[in-house]
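Understanding the architecture of this molecule
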Amino acid sequence: MADTVREIERKYEAGKDTGAARLPDLSGSAPVATVTDEGVRELDAVYYDTADRRLAAAGITLRRRTGGPDEGWHLKLPVVEAAAPGARDEIRAPLTVSAIPRALTALVRSRTRDVPLAPLMRIVSRREVRHLLAADGTLLAEASTDTVTATRLTEGATDAKASAHWTEIEVELAEGVDPALLDTLDPLLRKAGLRPSKAPSKLARALRETGLGEPPRRPTAGPPAEAPAGDHVLAFLRAQAEAVAALDPGARLGTEDAVHQMRVATRRLRSSFRSYGKVLDRRATDPLAQELKWLAAELGVDRDREVLAERLRERLDELPRALVRGPVRARLRTWSAAGRRGSRRRLAAVLDSARYLTLLNGLDALLADPPLCEAAAGPSHTVLAKTVLRDYGRLAGRVEHALVTDPGHDRDTALHDARKAAKRARYAAEAATPALGKEAKRFAQQMKSVQTLLGDHQDSVMARGTLRAIAAEAEGAGEPTFTFGVLYGREERRAEQDERELPGLWERVAERISAASLR
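Residues numbered from 1 in each chain as written. Predicted model: local features only at pLDDT ≥ 70, side-chain atom pairs only at ≥ 80, totals over all residues. Heavy atoms only, no water.

Before going further, it helps to spend a moment on the packing of helix α6 (residues 229-253) against helix α7 (residues 258-275). α7 packs onto α6 with a crossing angle of 155° between their chain directions and a minimal axis gap of 8 Å. The angle between α6 and α7 falls in the class roughly antiparallel. Of the two elements, α6 crosses α7, and the hand of that crossing is left-handed. Contacts between α6 and α7 involve F236, L237, Q240, A241, A243, V244, L247, D248, G250 and A251 from the first element and A258, V259, Q261, M262, A265, T266, R268, L269, S272 and F273 from the second. Partitioned by chemical class, the residues of the contact of α6 with α7 number 13 nonpolar, five polar and two charged. (Axes fitted to C-alpha atoms, helices over the stretch in contact; angles between N-to-C directions. Helix = DSSP H or I, 4+ residues; strand = E, 2+ residues; numbered from the N terminus. Parallel < 35°, antiparallel > 145°, perpendicular 65-115°, else oblique. Left-handed = near helix turned anticlockwise from the far one by under 90°. Contact = heavy atoms within 4.5 Å. Nonpolar A, V, L, I, M, F, W, Y, C, P; charged D, E, K, R; others polar.)

Shown next, in the form of structure tokens:
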């Protein structure tokens, strides 16, 4: 079984005129009260990657390490949207197997696809360990001085060194410690002649110093605002495709919100293919859009049920105790749990499927050689603004149709269609924001406000259908159904309230869009 540990650390090396890197005395530097000597550890690690170093390109390391209290297999993954810069999740597995544990290979499959992993680098470290303690003896961080020898296990450039040697300082926070401690210690380390390491990891430095070179990272900065429309659309699509691959491990591990964010990325991709059909040839993107629709549906099975279950629990909590009759909470728990049985295994099967990997490969191929149309070379302000406003026009038509539709099923359907149009207009504006600036950003915010209201209405529609189904099960079991009827009525009133608020919200949104320079 693999365990996950959140790792927050900083690495330092000797300054240009400092000589060997040495750890200064950090005792007495608040909140550090004392520093204890924990001895020396001999660490021996073999790092694995594909021949073209796909893991390194994604900031991922996979190693088998002996020595130290945590010896075993270690997979380090960058934390998506981490609060602390450089934070990584370290997934650990024991040394009881000689091959790479299947649990770890699955977590990097969105990067490796079907390409095998092989030994890349051996790194041996002599680690002098110090513990930084608070006044009450609580461990705040571990500071170590590592004397490192890295040896290449694969062929490099003919003039490259087979091995490299260096000394570095590493400060790693203990679990639950405020990352601000690293900022507190940083001036003291710099004063001692140390500087933040240029390499984010030992492996990155070893690759560089043994001649293999660090693999090219995907660019994080977008194109300049004046770049052609196609550059901006492609930058947005690349960011979403990268998000799908980056969130894959979290989705497998059950990390909070990973599945939802992965689903949003698939929707942004699919929506952008449709919106920017004059930039990218839809004959090439439509097949991928269909596969993205499939993936979003698979990712949404558990998410939709979780959201709905939470909504129903909140509504139940709002009721006076006198209106709760029968085992209502137990019935809701049973309904919620029924959807989760085997859900992790089912999701893993989807993410391990040939269909999913084919989709990822297809996205990579399309972005590497995009099927650009004539409009891709056009000025971004003209092409992108025209697209955003066209999507806005589609939304306007659907909202106006919903407002004149009689209440009931037909209006519910019309409002749901309007919600999807609002989402599409929002994503089109998000893609255009780097080129169009604050007006596009405000436009996206306006679309989100419409999407949120219509989303609440759709959630109410789904909640009422679920309440009818659960009430039928309760009735069949001889349980009271009164409370389900009360909840149904409240959901009905909530939907009616959303419908009453929509005309005013839409009028305000339309006024702001008309006043914007984007218009």
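Additional details are given in the paragraphs that follow.
Let us now look at the pattern of salt bridges. For the structure on display, the rule yields 54 salt bridges. With a shortest N-O distance of 2.4 Å, K11 and E170 are connected by a salt bridge. With K11 in strand β2 (residues 9-14) and E170 in strand β9 (residues 163-173), this pair connects stretches of sequence that are 159 residues apart. Each member of the pair, K11 as well as E170, is classed as buried. Ionic pairing is found between D281 and R283, a salt bridge with its closest N-O pair at 2.7 Å. (Salt bridge = Lys/Arg side-chain N within 4 Å of Asp/Glu carboxyl O. Buried < 20%, exposed > 50% of the residue type's maximum accessible area, 1.4 Å probe, protein only.)

Membership of the largest hydrophobic core comes to 67 residues, with the highest contact counts inside it found for F273, Y276 and Y356. By residue number, the principal contributor to this core is helix α13 (residues 409-436), which donates 12 residues. Leave out the neighbours within four places in its chain, and Y276 touches V233, L384, T387, V388, A428, A431 and A432. Counting 23 residues, the second-largest nonpolar core is a separate cluster that includes A14, A21, L26 and A143. (Core = buried A, V, L, I, M, F, W, Y, C linked by side-chain atoms within 4.5 Å.)

Moving on, we come to the sheet that holds β9. Note: strands within a sheet are paired through backbone hydrogen bonds, in either parallel or antiparallel orientation. Pairing within the open sheet is antiparallel, and its 10 strands lie in the order β1-β6-β5-β4-β3-β7-β8-β9-β2-β10. Across the chains shown, the open sheet's two edge strands, defined by having one partner strand only, are β1 (3-7) and β10 (194-196). Neighbour to neighbour, the strand axes of the sheet diverge by 30° on average, direction disregarded. Taken together, the five bridges between strand β4 (residues 61-66) and strand β5 (residues 72-78) define a ladder with antiparallel strand orientation. Residue pairing for β5: R63 is matched across the bridge by H74. Here helix α4 (residues 180-191) sits on the sheet and contacts β2, β7 (118-133), β8 (139-152), β9 and β10; the angle it forms with β2, its principal contact strand, is near 5°. (Pairing = 2+ DSSP bridges.)

A few words now on the environment of L360. Mapped onto the elements of the fold, L360 is located in helix α11 (residues 354-368). The class for L360 is buried, based on a relative accessible area of 4%. For the pair L360 and R270, spaced 90 residues apart in the sequence, the C-alpha separation amounts to 13 Å.

Throughout the structure, instances matching the rule amount to three aromatic pairs. Plain terms: the ring middles of Y48 and W73 are 5.4 Å apart, the flat faces sit at 50° to each other, and that makes the pair tilted. Of this pair, Y48 sits in strand β3 (residues 34-49) while W73 sits in strand β5, and the two are 25 residues apart along the sequence. The exposure class assigned to Y48 is buried, which follows from its relative accessible area of 14%. Judged by centre distance (5.7 Å) and plane angle (25°), the rings of Y392 and W506 are stacked. Taken together, the residues Y392 in helix α12 (residues 380-404) and W506 in helix α15 (residues 482-515) connect sequence positions 114 residues apart. There is no split in this pair, since Y392 and W506 are both buried. Pairwise contacts between aromatic rings join Y392, F443 and W506 into one cluster. Directly above the ring of W335 sits R305, whose terminal nitrogen or CZ lies 4.4 Å from the centroid. Just above the ring of F482 sits the side chain of R325; from NZ or CZ to the centre is 4.4 Å. (Phe/Tyr/Trp six-rings, centres within 6.5 Å; stacked < 30°, edge-to-face > 60°. Lys NZ or Arg CZ within 6 Å of the ring centre and 35° of its normal.)

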